[in-house]
Amino acid sequence: MNAHRIHHRTTTVRGHEIHYREAGPVDAPVLLLLHGFPTSSHMFRDLMPLLADRYRLIAPDHLGFGRSAAPAATEFPYSFARLAEITGEFTERLGLKEYALYIQDYGAPIGLRLALAHPERVTAIITQNGNAYEEGLGAEAWAPVLALIAARTPETEAPVREISSPDGIKWQYLHGVPDPTLVSPEAYEHDAALMARPGQPEIQLDLISDYGSNFALYPAFHEYFRAGQVPLLAVWGAHDEIFVPAGALAFRRDLPQAEIHLLPTGHFALETHADQIARLMGDFLDRHLTTAHG
């Protein structure tokens with residue numbers, strides 16, 4: 001079997017089909033790749049083959065995203081706590097005893113909830129614009145979201161709905177990218193098509209409305225960092241206006257040995273810097289994951 005090939009698989013968690021991508025040897029150290037909004041495991045399509053010679057990479061689509069099931073918001077209570085529970089059970093279904101986390105955007109509060117629940121399972125963290133500090137919140141980008149969190153009304157919902165629109169999604173991919181021609185249009189068109197499915201507006205509004213629950217956990221995340229000193233690599237798009245570079249630098253407050261690299265790109269750094277991120281990850285993980293794990 002060619003370890004560099006990406007397999008597209010499914011499993012069932014709590015009656016819901018979860019789609020995931022997998023590559024690499026089954027006996028290699030595991031990297032659990034957790035995507036953000038508004039994308040899916042599709043965002044890891046370029047990264048996975050670059051690391052599959054040494055690691056077992058597993059990238060699930062969160063419930064409601066990508067090719068995973070998307071029950072209506074009236075049938076499933078979409079929250080970050082529930083998505084973390086689904087993801088935790090997903091790892092157990094696959095028999096993952098230990099894993100390094102790659103967290104981006106929504107993947108950060110989901111992955112860090114896994115770390116709080118089972119710190120012994122997390123061998124390292126790679127954060128790519130995956131925030132855990134108030135300093136990381138870009139003021140202009142977060143203003144409508146914070147208004148929605150404070151009071152969910154038709155008036156506060158309206159500007160947040162635009163974030164999931166084709167133009168809003170395209171902006172997330174292209175803002176802060178010095179050469180937008182390096183970003184494949186298929187990336188944001190893929191996400192826009194999935195976000196246009198029936199029921200998605202309600203799903204996404206429920207999740208964004210729940211983002212305040214992540215802020216409430218920031219102190220617990222910080223205590224987890226201080227207590228365990230988990231190896232952490234930040235590979236961050238320095239031009240991101242959603243999660244700004246101060247969020248990357250803040251990790252050093254609780255993890256003095258954190259390795260931080262600010263890259264000249266935007267929110268979806270893998271679109272333009274997958275090769276560089278893979279090299280940084282390979283060096284980091286080779287130093288911190290010294291033995292193979294199943």
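It should be noted that the structure appears before, not after, this text.
Residues numbered from 1 in each chain as written. Predicted model: local features only at pLDDT ≥ 70, side-chain atom pairs only at ≥ 80, totals over all residues. Heavy atoms only, no water.

A. Geometry of the overall build of the protein. Each helix and strand counted, the protein has twelve helices and eight strands in total. Over its C-alpha atoms the protein spans a radius of gyration of 18 Å, differing by no more than 12% from the 19 Å that the globule rule assigns to 294 residues. In terms of overall dimensions, the protein has C-alpha extents of about 55 × 40 × 40 Å along its principal axes. Taking contacts inside the protein between residues at least 6 apart in sequence as the whole, the part at least 24 apart equals 77%. Total accessible area on the protein stands at roughly 11,600 Å², and carbon and sulfur atoms take up 54% of it. (Helix = DSSP H or I, 4+ residues; strand = E, 2+ residues; numbered from the N terminus. Rg over C-alpha atoms; globule rule 2.2 N^0.38 Å. Contact = heavy atoms within 4.5 Å. Areas by Shrake-Rupley, 256 points an atom, 1.4 Å probe, with all protein chains shown as cover.)

B. Structural detail: the sheet that holds strand 4 (residues 56–60). Reading across the sheet, the eight strands line up as 1-2-4-3-5-6-7-8 and stay open at both edges, with mixed pairing between neighbours. In the strand order of this sheet, the two ends are held by strand 1 (7–13) and strand 8 (259–263), each with one partner. Neighbour-to-neighbour, the strand axes of the sheet open up by a mean angle of 20°, direction not taken into account. Packing against the sheet, helix 12 (residues 270–288) makes contact with strand 3 (30–34), strand 5 (99–103), strand 6 (122–127), strand 7 (232–237) and strand 8, and its axis sits at approximately 170° to strand 8. (Pairing = 2+ DSSP bridges. Axes fitted to C-alpha atoms, helices over the stretch in contact; angles between N-to-C directions.)

C. Focus on the nonpolar core. Within the largest apolar cluster, 67 residues are counted, with the highest numbers of intra-cluster contacts made by Ile125 and Phe225. Residues contacting phenylalanine 225, with those up to four places away along its chain left out, are Leu112, Ile125, Ala132, Tyr133, Val230, Phe251, Asp254 and Leu255. (Core = buried A, V, L, I, M, F, W, Y, C linked by side-chain atoms within 4.5 Å. Buried < 20%, exposed > 50% of the residue type's maximum accessible area, 1.4 Å probe, protein only.)

D. The packing of helix 4 (residues 139–150) against helix 5 (residues 154–161), seen in detail. Between helix 4 and helix 5, the shortest axis-to-axis distance is 9 Å and the interhelical angle comes to 145°. The two elements helix 4 and helix 5 meet at a crossing, and its hand is left-handed. On helix 5, the residues touching Pro144, Val145, Ala147 and Leu148 of helix 4 are Thr156, Glu157, Pro159 and Val160. Here the residues of the contact of helix 4 with helix 5 sort into six nonpolar, one polar and one charged. (Left-handed = near helix turned anticlockwise from the far one by under 90°. Nonpolar A, V, L, I, M, F, W, Y, C, P; charged D, E, K, R; others polar.)

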